[in-house]
Amino acid sequence: MTYEEIMEKLEELGSEQIKQIYKNHGVKEPHFGVKIGDLKKLVKFVKKDHELALKLYNSGNHDAMYLAGLSVNPKLITKETLQDWATKAYWYMAAEYTVAQVAAESEFALELAREWMNSEEEMIAVCGWSTYSNYLSITPDEKLDIEEVRKLLNQVKSTIHEERNRVRYVMNSFVLSVGTYVAELNDEAKQVAVHIGKVHVDVGNTACKVPLASDYIKKLEEKNRVGLKRKTCIC
């Protein structure tokens, strides 16, 4: 399918109800309001065309941008493109999911995560923390810098409640990710989770809730899933 055909299909799949839901979460025009499940059905038409995926992201249309993240080859994407994507990720879904998940599977994962986490721009910082969290979920523990992850846990412990709104959310998710995917640091993540307690995030006019890290990790322990890695973090 061509770019024009994909955009026409997205418009066809959109609905005013979903548009309103996305609007409540912070999406700006243009977008059609396409369900994630319907976007995934279009991946097969984009996946083998790297340039098409890049063009979809650059459209500025939320639905097309999300489809691009599902379809692009993270092994082909350049660092410069990822940096450009991060600057265009104006709301949390693009930053936490689209950009972070693709970056986490790229060869620039750690380099960009470290750079972005220190950004003064809220959504770029969000990209950084979420990239690192996703990276932990797919990378064998023996390839991780355990000391760096430990330091980041301590940073979350000390600073999370003073951080910017959405950065608080992804810092909390980082604790979840460490406790879930890094067996060696499971106990330390649980201690940090208890210390930070409930993390308050303004989620706007939505029913979204911030998961309590200690409860989340406990549930995964009960299912014997601590340390189990994912094959992919792009979803």
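Everything discussed here concerns the structure shown above.
Described in the following lines is the structure provided in the data block. Remember, predicted model here, so these are calculated numbers, not experimental data.

### Observations concerning the overall build of the chain
Right, on to step 1. Summing up its helical and strand segments, the chain has 14 helices and 0 strands in all.
Right, on to step 2. Computed over the C-alpha atoms, the radius of gyration of the chain is 18 Å, within 12% of the 18 Å expected from 2.2 N^0.38 for a compact globule of 235 residues.
Right, on to step 3. The C-alpha extent of the chain, read off along each of the three principal axes, is 50 × 35 × 35 Å.
Right, on to step 4. Of the contacts formed within the chain by residues at least 6 apart in sequence, a portion of 71% connects residues at least 24 apart.
Right, on to step 5. Just so you have it, the chain exposes about 11600 Å², and 49% of that area is on carbon and sulfur atoms.
Right, on to step 6. The chain carries 32 positive and 35 negative side-chain charges, and their two centres are separated by 6 Å.

### Points about the state of the cysteines
Right, on to step 1. Under the defined criterion, the tally for this structure stands at 0 disulfides.
Right, on to step 2. Left unpaired, C208 is separated from the closest cysteine sulfur, that of C235, by 15 Å.
Right, on to step 3. Between C233, a cysteine without a disulfide, and C235, which holds the nearest cysteine sulfur, the sulfur-to-sulfur distance is 7.7 Å.

### Describing the nonpolar core
Right, on to step 1. In this structure, L56, Y132 and F174 are the most contacted members of the largest nonpolar core, which totals 83 residues.
Right, on to step 2. Not counting residues up to four positions away in its chain, the partners in contact with Y132 are L110, A113, M117, D145, E148, V149, L152 and F174.

### Quick look at helix α1 (residues 3–13)
Right, on to step 1. Within α1 the residues assigned to the buried category are Y3, I6, M7 and L10. One side of α1 holds all its buried residues, which, seen down the axis, span an arc of 95°. Counted as exposed and oriented over 90 degrees from the buried face of α1: E8 and E12.
Right, on to step 2. Those residues of α1 hidden inside the fold are in contact with α3 (36–41), α4 (43–46), α5 (50–58) and α6 (62–71).

### What about the pattern of salt bridges?
Right, on to step 1. Under the definition given, this model contains 13 salt bridges.
Right, on to step 2. Note that K229 and D141 form a salt bridge whose closest N and O atoms lie 2.8 Å from each other. Within this pair, whereas K229 is found in the segment after α14 (213–222), its partner D141 is found in the loop between α10 (122–138) and α11 (146–159), the two being separated by 88 residues in sequence.
Right, on to step 3. Taking the relative accessible area as the measure of exposure, D141 reaches 22% and is therefore partly exposed.
Right, on to step 4. Between K190 and E221 there is a salt bridge; the shortest N-O distance is 2.8 Å. With K190 in helix α13 (residues 186–196) and E221 in helix α14, this pair connects stretches of sequence that are 31 residues apart.
Right, on to step 5. Overall, E221 belongs to the partly exposed group, its relative accessible area being 25%.
Right, on to step 6. Here the residues in one salt-bridge network are E147, R150 and E188, joined through shared partners.

Rules used throughout
- Throughout this description, residue numbers start from 1 for each chain and increase along the sequence as written.
- The predicted origin of the model limits local features to residues at a pLDDT of at least 70 and limits the giving and counting of side-chain atom pairs to 80 or more, whereas totals for whole chains, interfaces and linings rest on all residues.
- Water and hydrogen atoms play no part in the side-chain values, which are based on all heavy atoms of the structure.
- Here a strand is any run of E in DSSP of at least two residues, a helix any run of H or I of at least four, and the numbering for each starts at the N terminus.
- Two things to know: the radius of gyration comes from C-alpha atoms, and the globule rule equals 2.2 Å times the number of residues to the power 0.38.
- Only heavy atoms enter the contact rule, under which two residues are in contact if any of them lie within 4.5 Å.
- Each accessible area is a Shrake-Rupley result for a 1.4 Å probe, and residues are judged covered by the shown protein chains and nothing else.
- Charged-residue counts in this description rest on Lys and Arg as positive and Asp and Glu as negative, His and the chain ends being excluded.
- Here the site of a charge means atom NZ of a Lys, CZ of an Arg, CG of an Asp or CD of a Glu.
- In what follows, a disulfide is any cysteine sulfur pair within 2.5 Å.
- Each nonpolar core is a collection of buried residues, namely Ala, Val, Leu, Ile, Met, Phe, Trp, Tyr and Cys, held together in the definition by side-chain atoms within 4.5 Å.
- Burial classification: accessible surface area is computed with a 1.4 Å probe over protein chains only, and a residue below 20% of its type maximum counts as buried, one above 50% as exposed, and the rest as partly exposed.
- Working definition: the arc comes from the directions between the helix axis and the C-beta atoms, pointing outward to the latter.
- By salt bridge we mean one thing: a side-chain nitrogen of Lys or Arg within 4 Å of a carboxyl oxygen of Asp or Glu.

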